[in-house]
Amino acid sequence: MCGIVGYVGEKPVVDILLEGLSKLEYRGYDSSGIAVNCDDKIETYKAKGKLQNLRNLIEPIHGKLNKSSYGIGHIRWATHGSPNEINAHPHSCNCGKLVIVHNGIIENFKQLKEMLTNCGCEFRSQTDTETVAHLIAHKFGEYNDLKKAVSEATKQIEGTYALCVIHQDVKDTIVVTKRNAPLIIGIGENEHYVASDVPAIIQYTKKAVYLEDNQIAVLTPSTMELFDKNLNKLEPKVEILPWESMSLSKMGFKHFMLKEIHEQPDVVRNILTDKLTGCDEPIQLNEVKLTKDELKKLNRIQVVACGTSLHAAMVGKYIIESLCSIPVDVEPSSEYIYRKTVTDENTLVIGVSQSGETADTITAIRQSKARNSHILVITNRPDSTMARDADSLLPVNAGIEVSVAATKSYVAQLVSFYLLAIYIAEIQGKMDKDTLTNIKNELVILPQKIEMILAHKENIQACARMYSNSRNFIYIARGINYATALEGALKLKEISYINATGYPAGELKHGPIAMLDETLPVLSILMSGMVYDKILSNSEEAKARNAKMIALTDSDDENLKELFDFIIKVPKVQELVSPILSIVPLQLLAYYIAEFLGKDVDQPRNLAKSVTVE
Ligand code: M6R
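Thresholds, definitions, all that
Residues numbered from 1 in each chain as written. Predicted model: local features only at pLDDT ≥ 70, side-chain atom pairs only at ≥ 80, totals over all residues. Heavy atoms only, no water. Phe/Tyr/Trp six-rings, centres within 6.5 Å; stacked < 30°, edge-to-face > 60°. Helix = DSSP H or I, 4+ residues; strand = E, 2+ residues; numbered from the N terminus. Buried < 20%, exposed > 50% of the residue type's maximum accessible area, 1.4 Å probe, protein only. Lys NZ or Arg CZ within 6 Å of the ring centre and 35° of its normal. Salt bridge = Lys/Arg side-chain N within 4 Å of Asp/Glu carboxyl O. Near = heavy atom within 4 Å. Polar contact = N/O pair within 3.5 Å; in protein donor to acceptor, adjacent residues only side chain to side chain. 1 Å grid on protein atoms, 1.4 Å probe; cavity = no way out; pocket = protein on both sides within 12 Å on 5 of 7 lines; lining within 4 Å. Sits in = over half its atoms within 2 Å of the grid points. Core = buried A, V, L, I, M, F, W, Y, C linked by side-chain atoms within 4.5 Å. Domains from an automatic or database assignment. Contact = heavy atoms within 4.5 Å. Pairing = 2+ DSSP bridges.

(A) Summary view of the packing of aromatic side chains. Enumeration according to the criterion identifies 4 aromatic pairs in this entry. Ring geometry for tyrosine 193 and tyrosine 204: centres 5.0 Å apart, planes at 5°, overall stacked. Remark: tyrosine 204 occurs in the loop between strand E10 (191–195) and strand E11 (207–210) and tyrosine 193 occurs in strand E10; sequence separation between them is 11 residues. Judged by its relative accessible area of 1%, tyrosine 193 is buried. Among the aromatic residues, ring-to-ring pairing joins Tyr7, Tyr193 and Tyr204 into one connected group. Looking at lysine 148, its charged tip hangs above the ring of tyrosine 143, at a distance of 5.1 Å from the centre.

Written as structure tokens, this is what we have:
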């Protein structure tokens, strides 16, 4: 992961780098650093921990450093070497004249390190990145040309990278390149910016070039030259970013996560507004670029995703199979890419990703594209790498999600799957119209139902208070809400560090039941419908082992009070649509438990919002 920024121009460099890094904190936050030219030398400052520590370090010399004319910065999510000051970027060569920041993983760093050590390079850190600094410096010694040095060095590198390189003797110049990691160049008046992502530069410019793999760009205040890997000159494709400069605010909420949970009713409304014009009207999904004939011919759908997006995909499978009778496989991208998968031109491959930058999912969709499958991407970032690779792009339009724990983007992905399933079903014409109209009716009133849950959140807060000292949690469900159990447990794990696991309720007695005793809360997702009675029986089995029982239910059955120690009530909802509703109390439960425990809710330890490494 990691975020990188760079600037060359006349504005206060340090302010731009720090502000840019703050916008990239979602990519990592275990350490950070900057390097700028100062008194004809490159000076580097690094700090362990949050960006504020770097700000504090620089504070006494901030004014002086701000007069620099070029610089680079980095915010880290550690891959090689623990998150400490030495391993923080930027990294430099022996003499300190050449300095780089890097996002990605250098897979052959051990071989490179051995070779470079034999050439006299002294390594200070445990990172893979430092090899790149030494390698480029070594090539610079040979060619005395920074872009040539970068070009030659990257030919020897295996792995993924976005790189910014500066050299003390090549004034007012930043050389940048990338392979399988995002990098964007911003163009201003007599200035250039570079960053891992748009939010870092959008407040300064909307004119930008998305660097493509293996391209090398040389940036000075007044020029941008673009080359391919063999240094043939290219014409940059300048785009106008469809973004507004935004200041992200918590709007009075204590954390971004709580704010984003509260945005969910509007997120659902927004998606529906464009696509569902009336419950008797067919769904409009012009974004799907498959023809009607191609849609009818689909013999299989494969969905690849990671983490929360994977859980959305599991609900997607359920709904597509129910409404369209097309077999759907859902697989973590990281597994999908390392086995032989059977796909052909009648297979639709769907990549689901909040960020659109998840490395495993990018690899998965690229592999399928090479096998001629149509690639449909469901993402919250229509400007992302996955979006650019897609044949059909379904943007979920949830708005920027700051909290590392995904909430509103999950609900938006779910709604997108419902719309897609109904759209395909309507084209197939096999499903009876009333069923589809009923689902649409239910979708339309969902935002109000979510609002009702949010309006009664004190009950969930009380539940959180009661169980916040538990060291383990089990979530059980069946059918379409099995994914909800997994997602609820993931939310709790991510932000409270409590060991929470989701199980299909019927599986409890095949092993996990051995763990149950009076210290273990079991949360049953007990929504009215086909499997209600089954989950009830499974809950009885857990109760008989003295587990502390919590129900999340839309049922009015008074008898539930005998079985459950705590009941979280949600409005009545059709079973097929229930995952969009049932996840909301679980997000809140995880939030309030983490908050009671005093955890860093928006930036939990060891995580990052965008996982750009395999
Ligand atoms: O950006 P993506 O949706 O592809 O990210 C996938 C996972 O890394 C992500 O969902 C992760 O599990 C979140 N932290 C969930 O809250």
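Next comes the rest of the description.
(B) The pattern of salt bridges, seen in detail. Following the criterion strictly, the structure yields 32 salt bridges and no others. In this structure, the salt-bridge partner of lysine 50 is aspartate 600, at a minimum N-O distance of 2.6 Å. One end of the pair, lysine 50, is in the loop between strand E3 (41–48) and helix H2 (51–58); the other, aspartate 600, is in the segment after helix H20 (578–596), and 550 residues separate them in sequence. Residue lysine 50 is classed as partly exposed on the basis of its relative accessible area of 28%. A salt bridge links aspartate 145 to lysine 147, with the nearest nitrogen and oxygen atoms 3.8 Å apart.

(C) Summary view of the site of the ligand. If you check the shell around the ligand, you find 14 residues, and the closest are Ser309, Ser353, Ser355, Thr358 and Glu494. Take threonine 308: an N or O atom from its main chain is 3.0 Å from an oxygen atom of the ligand. With respect to the ligand, the backbone of valine 404 contributes an N or O atom lying 3.3 Å from a nitrogen atom. Of the pockets mapped on this structure, the ligand occupies the second largest pocket. Listed by contribution, the elements that provide at least two residues to the shell around the ligand are helix H10 (307–324) and helix H17 (482–496). Per-element tally for the shell around the ligand: the top contributor is H10, with 3 residues.

(D) Seen up close, the environment of arginine 339. Mapping arginine 339 onto the fold places it in the loop between helix H11 (333–336) and strand E18 (347–353). Residue class for arginine 339 comes out partly exposed when judged on its relative accessible area of 40%. Of note is the side chain of arginine 339, whose polar atom sits 2.5 Å from the side chain of glutamate 331.

(E) The arrangement of the nonpolar core in detail. Core analysis: the largest hydrophobic core is formed by 97 residues, its most contacted members being Ile301, Ile350, Tyr418, Leu443, Tyr475 and Ile580. Broken down by element, the residue count for this core peaks at 15 residues, all from helix H14 (residues 408–428). Structurally, this core is a two-domain feature, drawing no fewer than three residues from each of domain 2 (249–453) and domain 3 (456–596). Setting aside chain neighbours within four positions, we find tyrosine 418 in contact with Val315, Ile319, Ile439, Leu443, Ile480, Leu576, Val577, Pro579 and Ile580. Counting 31 residues, the second-largest nonpolar core is a separate cluster that includes Leu18, Cys38, Tyr210 and Trp243.

(F) Region of the structure containing the pairing of E11. Two elements, strand E9 (residues 184–188) and E11, share 3 bridges in a ladder whose sense is antiparallel. Across the sheet, glycine 186 pairs through a bridge with alanine 208, a residue of E11. As judged from the 2 bridges shared by E11 and strand E15 (residues 239–240), these two strands associate in the antiparallel manner. Each bridged residue has a counterpart across the sheet, and for alanine 208 the counterpart in E15 is glutamate 239.

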